[in-house]
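# Understanding the architecture of this molecule
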Amino acid sequence: MLRFKILASVVPLLAAAVFARNEIGSVSHPCIALGDTSVELTSLFWTAGVHVAFTDDVSRATVRVQITDDADAADFAVVDDGASDEPSACQANPATRLITIAAQPVDDGPVIYLSADGPADFRVYVRSKTFTQKEAAALIVGAHGPHPLPLQAASL
């Protein structure tokens, strides 16, 4: 009977470990490389250094991001339909900045108003199979966190 109790208590722990390993080791999170640093979205809330939130109310926003249909007019463009020139550009390293999308604003983190019109702090162009418009907006705002990173050398 004792063996059964031990087995019953170990199985959930093993399942949790497998789940956590798959989540932590996953490389499918949207990521951009900026020079020697990478900025990556993570679903692990507690590991993120920057927590962004989204709002539909422009008066609550701290950052306005416009989605544009013109890549030349954009401050940041995400086009990843082709093969990447730098397959290891977004590998995790000590300089990786982790960003998470929160349901509500956290610790005075940026609150993003995403729209197709109006004045904007950033303009993004997104044509991607792996990035959503929200994810691209979160990455660019996260890259411009408390210590902005240069965006001239971004790659996927």
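The structure displayed is predicted, hence computed values, not measured ones. (Residues numbered from 1 in each chain as written. Predicted model: local features only at pLDDT ≥ 70, side-chain atom pairs only at ≥ 80, totals over all residues. Heavy atoms only, no water.)

## Regarding the packing of aromatic side chains
All told, the structure shown has zero aromatic pairs when counted by the stated rule. If you follow Lys134 out to its NZ or CZ, it ends over the ring of Phe54, 4.9 Å from the centre. (Phe/Tyr/Trp six-rings, centres within 6.5 Å; stacked < 30°, edge-to-face > 60°. Lys NZ or Arg CZ within 6 Å of the ring centre and 35° of its normal.)

## Quick word on the confidence of the model for the protein
Of all residues in the protein, 67% attain a pLDDT of 70 or more, and the chain-wide mean is 76. No element of the protein has a lower mean pLDDT than strand S9 (residues 154-155), at 46, and none a higher one than strand S7 (residues 111-115), at 94. Here residues 21-27 scores under 50 on pLDDT; set against residues more than four positions off or in separate chains, the count is five contacts. Contacts from residues 147-156, a stretch scored under 50 in pLDDT, to residues over four places away or in other chains number 34 contacts. (pLDDT = per-residue confidence, 0-100. Helix = DSSP H or I, 4+ residues; strand = E, 2+ residues; numbered from the N terminus. Contact = heavy atoms within 4.5 Å.)

## Considering the pairing of strand S4 (residues 63-67)
Among the five residues of S4, four are classified as buried, and the element is accordingly described as predominantly covered. Two elements, S4 and strand S8 (residues 122-127), share three bridges in a ladder whose sense is parallel. Bridging from a neighbouring strand, Val65 pairs with Phe122 of S8. (Buried < 20%, exposed > 50% of the residue type's maximum accessible area, 1.4 Å probe, protein only. Pairing = 2+ DSSP bridges.)

## Looking at the nonpolar core
Ile32, Val39, Val52, Val65, Val124 and Val141 are the most contacted members of the largest nonpolar core, which has 25 residues in total. Counting only elements with at least two residues in this core, the list comes to strand S1 (31-34), strand S2 (37-41), strand S3 (50-55), S4, strand S5 (76-79), S8 and helix H2 (133-143). Looking at which element gives the most residues to this core, the answer is H2, with seven residues. Dropping the residues within four chain positions of it, Val65 is found in contact with Ile112, Tyr113, Leu114, Ser115, Ala120, Phe122, Val124, Ala137 and Val141. (Core = buried A, V, L, I, M, F, W, Y, C linked by side-chain atoms within 4.5 Å.)

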